Every structure is written in structure tokens, then in C-alpha cells.
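# Observations on the model geometry
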Amino acid sequence: MIRTRAFSTHLRGVGFVLPLLLVMLAAYVWPLWQTLLNALHPNTPQGIDTAHWTAANFAHLSDPLYLQVLTRTLRISVIVSAIAGLAAYPIALRLTRMTPRWQPWVILAFVSPFLINTVVKSFGWSLLLRANGLVNTALQALHITDMPLRLMLNETGVIIALVPGHFMFVLLPLWGAIAAIDPNLGWAAGTLGARRWQVFRHVVLPLTWPALVTGLVINFIMNMTAFAAPAILGGARTLVVSVLAYQVNLEQLNWPLGSAIAVALLAFTLALVGVGQRLAVRR
Amino acid sequence: MSLRVDGLHKRFGAVTAVRGVDLDVPSGTFFTLLGPSGCGKTTILRAVAGIYAPDQGRVLLDGEDITARPIHARNIGLVFQNHALFPHMTAFDNIAFGLRMRGVSRAERRARVAEALALVRLEGLGSRMPAQLSGGQQQRVALARALVVRPKLLLLDEPLSNLDARLRDELRVDLRALQHRLGVTTVLVTHDIEEAFVLSDRIAVLRAGQIDQVGVPRELYRMPVNRFVAGFVGPVNEIALTTVTALDGVVWGTTENGGRLRLPNEAAAMSGGAAWLIVRPEHISLAPDPVANRIDAVVEDLVYAGAATRCRLRAGGLSLAAQLDGEASGLTIGAKVTVGWRAEDGVVRQDD
Amino acid sequence: MTRIVTAAMLTLMLAPIVLVVWMSFTPLAYFVLPITSFSLRWYREALSYPGFIDGFMLSTELAAMAALLAVTCAFLAAYGLARYPLPGKAALLAFFTSPLLVPAVVFGIAALQFVNHIGLYNRLVGLVLAHMVVVTPYAIRTLHTALAAVPEEMEWAAMALGAPRLRMLTHITVPLCAAA
């Protein structure tokens, strides 16, 4: 009797989960699986040759051209994450000292780039950073420079545009972690002779380390996989992995190779998450 | 190291937490700031520690004005109510922290931390994390951490309030022994009267940011300066007196329903005016001697509390609380009794 | 010091948005800085531009449908996960949240290839399905947290008072986590 009831309860539970599960399997798992399969077939002018299997597409990725794209993407991502990490602590500390009147607005300001469509933002950046854009015009008007600086269609432009969009992923967890620290700890350390920077190094930093690492990993992944900002602000000569994948798939119509790039990117992302979780252990 | 506080004022926004407080704590003594929550006692302590900067006033340690000195330069030990141990460090590292900040060598650190752990009777527990220690143990580590740096002044912010009653008693005894042994000037903040009485050399009773009375426990209990202090340090009976009259060397008070009660002689100074007669429950007895104030009353309630029996009596318009020794056998609710107290056991105070 | 960094970052956050909004009010057909005159000319033009209206309507339709369907499915799934003893609950929850980890371009390509393959290219259904996948992590996280906060006792009380399960859900559970 009891077994049957437990079983029917089980069944009902499964019933609730089923719709979402089916949708996810059909529209999420299956497409990804297909992509993986596609990456293992050779490409022909007539389309994907599903009769044969090959590892050539993945081998192709070690081509110097592709490696260059990868290193460029890594370089940009590291720089953006570094900026985010360095800026996050001062800003998070300032947030904790802010009155409730200002705090929500400042937080909203830092969250807003995520809420605004990245194409719109990238467009705004192009207005600011182009040769006759606002920044250059202002710099020249103030006689700080007499020639326009190249702030766009290069890595600099991409970096500038990526920083705001992904910053909140480092800032918010870090702010939460700092706010959760018992204020008595700072005062206790003070009475024991610790100066401000020592309190930071011995109390704040170790206690906020997991949040910082987790945030930076997410930030880094988002930098690596960003599309709109690098596409609009990077130009033809600043290819990143996601734009490359797009080009290979939709311009060159080489689906297998494009799939291989996508799979490689996904594997890299997942590996990073694993590494990040390991690193985020309390110091 | 003696501590002196002069005219301390501290405001938080529209609220004045401390108004014009003066303190004088001689070197090596145990001084307590006692008062209900919100009276400003913690604020004063934190101002002495350097956490809050006073709006007005000075803090002097051994005559030196340290008011402008930052927290880390004051060499003051502070123990918090919630122990505030660094959760990511072992007990050993917690205690060693102050020594590290002072650049003490590793070998010396090890020796002094071991010494401190022994002092608080926690030998061998140095490698435990705070989360692995019990509440009492955590507070001991906090104490060791504050003391290992040999501070000039030890400040305790309600350190026992978060512990259960038995632990509290245990730690209280240890605290007292420690302070006597080390001779460190100590200031305790608490709202617990028993704690204050057991530990302190002198106590300051605070109310709404100001000190009402400073004195040894006995003074506060037997000669409270006003109704608030009287009622705060122990249970009281308050009887309203419409007039006080002095007649032939005897001082009388008239109650609201016309009765006459004999008052202690020092009440003569208040003759002519209205006042309050304060009598402690333990001074009311069932068999009062002839000269005392005598009242006929009816027993309303009896509560047996082990060593004593608490009794509520009604005498006309008055409701009195009496504390009788032992079992008070023979008394039942509704019984008619005659109770009384000696004139000199009463305290007369006027409204402030 | 912290103030300077905060101010600098805030500028970075808001600059492009402010600029785009500001620029949208220029009466000129090209960009010239600084903007000195304001006009609603371009708003009028955008509104009468057929592609814009169509695109806007499509986006709205798409968003509404995807949101509605995703939240419904996510609510049911979150309910199942919160109330029933299922094996591998944590794994399922992680699975539903995993689209966050998949780079947008990777999923985009995968979805595109897939949709192409089964002939749903250029049809709304394909778009809606793909958007549902993207939205699901946010929906399931929020709803699961909210449902966990609604005490199960309330539902039992409702059922003990005679409400059949469906009614209980719509009258009690859903209103209690309406915010989520």
C-alpha cells in the first residue's frame, strides 16, 4: 500500500517537471548534441557529409590563424577581468558606506549596462570612441591631444566597451560578501594594532576571496564569449572567437568547422568553471 | 594605567547618545558601566576604544590625551558581545594576531599564545577553528586575544550576555580571578546587575546618556541617589508621600490615604514637600519589632523561590512586595498579617 | 580614493546609454557634437518606418510568448522540485540553470543549425523555443527560491479544507509567490 502511494507521488512529481524537461531536451540538449556531431563530419560544398566522420575540424583549430584569434580573445578577456577585479573592491567598499538614499540608485547604475541591449551600448560606444566622436573632440578641444586617438576598431575599443557590461558580476557578489562581514571584526583587528590596509589584507580579503574568484570567473567567461561589442567595436582586424564562429558558420557556411569552434569554446568555458570552483576555496 | 574621560558628548544624527559624561578609573581597578539598553554605555566604551570619535570631550590614558589617536595606536584590549573572532583563523592565529601586528617573532608568539591559552584554561585547543568551539570557549579565546598583547586597558562590551546562565557564572568567576591576577585596568559594560556587583570595584549607573550615580555596589544598593537607580539595582517598593514633616526629632511621612509612616532621620531635609519612600522587599518582615512601621495587610500572592518566598501584600491602597526567608510556612493566600520595617531601612527621595 | 574609482566606473557604465539617448534627439541626419538643438524628428521617422514597427512587434510578441511559456513550464518544474521527492533534484536544478554557462554564440549556432535542420527556420516557433531555453535559468532560480519559501503547510491546510489540488495551486500557491 505504502509503496504504491510513494510511487504515485513520485510519478506526480515527475509529471510536474516533465514539460520543462521535454522543452529543454528538445530545444537545448538536442541542438547542442547535433552541433557536436556536426563538428565530427567533414564539410563539402554540397553541405555536411554525414556519412563520414573526421577529427579534421578540431585539428584545424591549431592553425596559427585560429590560435591568434584565441590568444587575442584571451588577452582581451584577461585585461577586462583585471580591470573589473581592481575596481570592484574600492567600489564595493564605497557601497557599504553609502546611505540607503543613494545605495539603490548606484547599484541600479552598475546593473543597468546588463539590462540594456549590448548592440545599443556598443553603438553608443562607437559614437564616443570614433575618430570624430565625443572623446576625441573633447580631448582636442582641451588641447590634451592634437590628433584623434585610435580608440575604436582595435582591441582598446573592445576592452573599453566590455568593462561596463560585465562588471556587475564581480561587483555584486563582492559587495554582498563585504557587507556580510561582521563590522566588529574590523574593530577587533584595529584594537589589536592593525592599520586599515592590514585589516583589508588579513580580514576582508580572505573572507571575500570566494566571492571575488567566482565573480571573476563569470566575468572572464562572459568576456570570452562576448559577441556584439567585439563585432561592432573591434572591426575586421580584431577577431575574437565568437565572431570567428559566426563568420565561419554564416559567411563561410562551413558548419562543421563552425561547430568545432563552438564545441571548443563550450569545453573551455566549462573547464574554467571547474577551475574557478577549485580556486574559490577559502584562503 | 588610569583612564579618565572628560565631558564626553556623542551624537548620532538627531539622537544624542552620550551627554557630558565624566569618568575616573584608577589604575588596576575594575569599573563597570551599568544601565538599561540605549543608555549610551556601549557608545562610551567605543569612544574610549577609538571606534567612535567624540563630538566633544577628551579621553586620557595615564594622563595622556588619546582622543585623536587612531584605534590601532591605543593599545587597548576589547572583547565584544559576539566574540568577533576571525572566522577564517584558528584560535591560535586569532590570539597571535595582535602579536603579529606588533612584529613579535614567531618563537615568542608561540610562547605567549600558549601562555594566554593557559591563562583562560584552553590549553591544547589552539588549532581549532572558532566554529568548532563552544560559546564559552569562543569568549575565552576572545579574552586571550585581547590580553596577550598586554594592553594598558581592557574593555569588555557585554561579553557574557550571549552565554547561558551556567557558563556566565563560570566565566564571571574566571574573569574576576584573571583581572585580580593581571591587575589590568578594566571597564565592563553590562545591563546585568548581579554581574556588575560581583565583578566591580566601582559602578557607574547610566540613564539616557548621563551618569546618575557612581559608587561601590553597597552604596548604590543602600544609598541610591534617586528612584531610577534604586529601582534599577534591585526590586523596590515605592510609596508615595504627600508630605514629610519633622516633629520632635522624628520624621514622618503621610501617605496618600492618610496613613503615617516613620522615615529615616536624613529625610528631615525634605520636610514640607512631597517625596517617595523606597523600601526593599527583604526589609519587610512578618514580625516587626515595636518601634517599626507597622501595617495590616492581606496576602495576595505567594511564590516559593527556593531560598526565599516572594510575597505580595495589599494594605489599603498600597501593594507591597516582601521577600521572606525560607518557606514562610503558615502563610496562605488571603491570610491577614501584620508586616513592617524599620524606619532606617527606608530611603526617601524626591522626584528629579 | 574609493570615490574616484566609483565615479570613474559610473561614467563608464552610463556613458553609452546616456549618449545614445541624447543623440536620438538630434534634428540632423548625421552626427555632430555637441548637440545643441533637439528634435523628435527621428522618433517620428522610426515610428513610421515599416521595418521598425514590424521588428518591434515581432520582438514584443516573441518576448511575451517565450516569457509566458517559460514561466509556466518553469513554475510547474520548480513546484515539482520543491514539493516532491525526486531522485537527482540537485542535478535537475543544475541542468535547468546550465544555459547560463553556454556561450550565447554557441547556443545560437546550435539552435540555428538545429532549426534549419528540422525545417523550422524563419518560423516563430523556433525562435520561441530558443528564447525559452535562454530564459529558463532565471525563471527556475527565482521560482524555486520563492516556492521553497512558501510553507508547504499552507497547501496541506488548503487541501484539508477541501480544495482539490488544482484549485489549491491557483488560489493559494500562485498568489503567494506572485512577486517571483
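Residues numbered from 1 in each chain as written. Chains lettered and ligands numbered in written order. Predicted model: local features only at pLDDT ≥ 70, side-chain atom pairs only at ≥ 80, totals over all residues.

## A closer look at the overall build of chain C
The helix and strand tally for chain C stands at 8 helices and 0 strands. For chain C, the sequential pattern of α-helices and β-strands runs α-α-α-α-α-α-α-α. Considering chain C as a whole, with its 180 residues, one finds that 25% of them fall into the buried category. Residue pairs in contact within chain C that sit at least 24 positions apart in sequence constitute 62% of those at least 6 positions apart. (Helix = DSSP H or I, 4+ residues; strand = E, 2+ residues; numbered from the N terminus. Buried ≥ 20, exposed ≤ 12 C-beta atoms within 10 Å, placed from the backbone. Contact = placed C-beta atoms within 7 Å.)

## Considerations on the overall build of chain A
Of the regular secondary structure elements, chain A holds 12 helices and 2 strands. Overall, chain A shows an N-to-C arrangement of helices and strands of α-β-β-α-α-α-α-α-α-α-α-α-α-α. Taken over C-alpha atoms, the radius of gyration comes to 24 Å for chain A, far larger than the 19 Å a tight globule of 283 residues would show. If one aligns the C-alpha atoms of chain A with their principal axes, the spans along those axes are about 80 × 70 × 30 Å. Relative to its full complement of 283 residues, chain A shows a buried share of 42%. Put simply, 72% of the contacts in chain A that link residues at least 6 apart link residues at least 24 apart. (Rg over C-alpha atoms; globule rule 2.2 N^0.38 Å.)

## Describing the environment of L134 of chain A
All names here are of chain A. Considering the arrangement of structural elements, one finds L134 in helix 6 (residues 134-141). Judged by the 20 C-beta atoms lying within 10 Å of it, L134 is buried. When the C-alpha positions of L134 and P113 are compared, they lie 19 Å apart, and in sequence the two are 21 residues distant.

## Looking at the interface of chain A and chain B
Contact residues are listed per partner, giving 16 residues for chain A and 17 residues for chain B. Counting only elements with at least two residues in the side of chain A that touches chain B, the list comes to helix 8 (183-191) and helix 9 (196-225) of chain A. With 6 residues, the single largest contributor to the side of chain A that touches chain B is helix 8 of chain A. Taken together, the residues of the side of chain A that touches chain B break down into 8 nonpolar, 5 polar and 3 charged. (Nonpolar A, V, L, I, M, F, W, Y, C, P; charged D, E, K, R; others polar.)

## Details of the sheet that holds strand 15 (residues 293-304) of chain B
Residue and element names in this part refer to chain B. On the basis of which strands lie adjacent, the open sheet formed by 4 strands has the order 17-16-15-18 and antiparallel pairing. Sheet topology places strand 17 (318-325) and strand 18 (336-341) at the edges, where each strand pairs with a single neighbour. Adjacent strand axes in the sheet meet at a mean angle of 50 degrees, parallel and antiparallel pairs treated alike. Where strand 16 (residues 308-315) meets strand 17, 8 bridges bridge the pair, whose relative direction is antiparallel. (Pairing = 2+ DSSP bridges. Axes fitted to C-alpha atoms, helices over the stretch in contact; angles between N-to-C directions.)

## Some details on helix 12 (residues 255-279) of chain A
For helix 12 of chain A, which comprises 25 residues, the first-to-last C-alpha distance of 36 Å matches the rise-based estimate of 36 Å (1.5 Å per residue) to within 8%. Of all the positions in helix 12 of chain A, only W255, P256, L257, G258, S259, A260, I261, A262, V263, L265, L266 and T269 of chain A are classed as buried. (Expected span 1.5 Å × (residues − 1).)

## Section: the interface of chain A and chain C
Between chain A and chain C, the residue contacts involve 55 residues of the former and 48 residues of the latter. Among the elements that line the side of chain A that touches chain C, the one with the most residues is helix 1 (residues 2-39) of chain A, at 18 residues. Among the residues forming the side of chain A that touches chain C, the class breakdown is 38 nonpolar, 14 polar and 3 charged.

## With respect to the sheet that holds strand 12 (residues 250-255) of chain B
Residues and elements named next belong to chain B. The 5 strands are arranged 13-12-11-14-19 in an open sheet whose pairing can be described as antiparallel. Sheet topology places strand 13 (260-263) and strand 19 (347-349) at the edges, where each strand pairs with a single neighbour. Taking the axes of each pair of neighbouring strands and ignoring which way they run, one obtains an average angle of 45 degrees across the sheet. Summarising the sheet, strand 12 and strand 13 pair through 4 bridges and their orientation is antiparallel. What sits directly across from G253, in strand 13, is L261.

## Examining the environment of L8 of chain B
Residues and elements named next belong to chain B. Secondary-structure assignment places L8 in strand 1 (residues 3-12). What makes L8 buried here is the crowd of 26 C-beta atoms within 10 Å. In the structure, L8 is positioned 46 residues away from P54 in sequence and 6.5 Å away in space, judged by C-alpha atoms. What L8 contacts, discounting residues up to four positions off in sequence, is V18, V21, I44, A47, P54 and G57.

## Quick notes on the arrangement of the chains
Taking contact number as the criterion, the leading pair out of 2 pairs of chains in contact is chains A and C. No interface is formed between chain B and chain C, the nearest pair of C-alpha atoms being 19 Å apart.

## Some details on unusual backbone geometry
Positive phi, normally seen in glycine, also occurs at L253 of chain A, with a value near 55 degrees. Its location among the elements puts L253 of chain A in the loop between helix 11 (241-251) and helix 12. A positive phi angle, near 50 degrees, is found at A208 of chain B, a position not held by glycine. Tracing the backbone shows A208 of chain B in the loop between strand 9 (202-207) and strand 10 (210-215).

## Side note on the confidence of the model for chain C
Here chain C shows a mean pLDDT of 78. Residues at 70 or above account for 89%. Across the assembled chains, the prediction reports ipTM 0.82 with pTM 0.78. (pLDDT = per-residue confidence, 0-100.)

## Focus: helix 5 (residues 118-129) of chain A
Over its 12 residues, helix 5 of chain A extends 16 Å from the first C-alpha to the last, a length consistent with the 16 Å expected when each residue adds 1.5 Å. Those residues of helix 5 of chain A not exposed but buried are K121, S122, G124, W125, S126, L127, L128 and L129 of chain A.

## Quick word on the confidence of the model for chain A
With 97% of its residues at a pLDDT of at least 70, chain A reaches an overall mean of 85. Element-level mean pLDDT values for chain A span from 70 in strand 2 (residues 47-48) of chain A up to 93 in helix 8 of chain A.

## Concerning the packing of helix 11 of chain A against helix 12 of chain A
All names here are of chain A. In contact at an axis separation of 8 Å, helix 11 and helix 12 are set at 160 degrees when each is read in the N-to-C sense. Considered as vectors, helix 11 and helix 12 are oriented roughly antiparallel to each other. In the crossing of helix 11 with helix 12, the sense of the turn from one axis to the other is left-handed. Every residue of helix 12 that contacts helix 11 at V241, L244, A245, V248 and N249 is listed here: W255, L257, G258, I261, A262 and L265. Looking at the contact of helix 11 with helix 12 residue by residue, the classes come out as 9 nonpolar, 2 polar and no charged. (Parallel < 35°, antiparallel > 145°, perpendicular 65-115°, else oblique. Left-handed = near helix turned anticlockwise from the far one by under 90°.)

## Quick look at the pairing of strand 14 (residues 275-279) of chain B
Residues and elements named next belong to chain B. Burial of strand 14 is one-sided: the residues A275, L277 and V279 facing one way are buried, the residues W276 and I278 facing the other way are not. In the sheet, strand 11 (residues 237-247) pairs with strand 14 via 5 bridges, with the strands oriented antiparallel. Residue pairing for strand 14: A240 is matched across the bridge by W276. As paired strands, strand 14 and strand 19 are joined by 3 bridges and run antiparallel to one another. Its bridge partner being in strand 19, I278 is matched across the sheet by V347.

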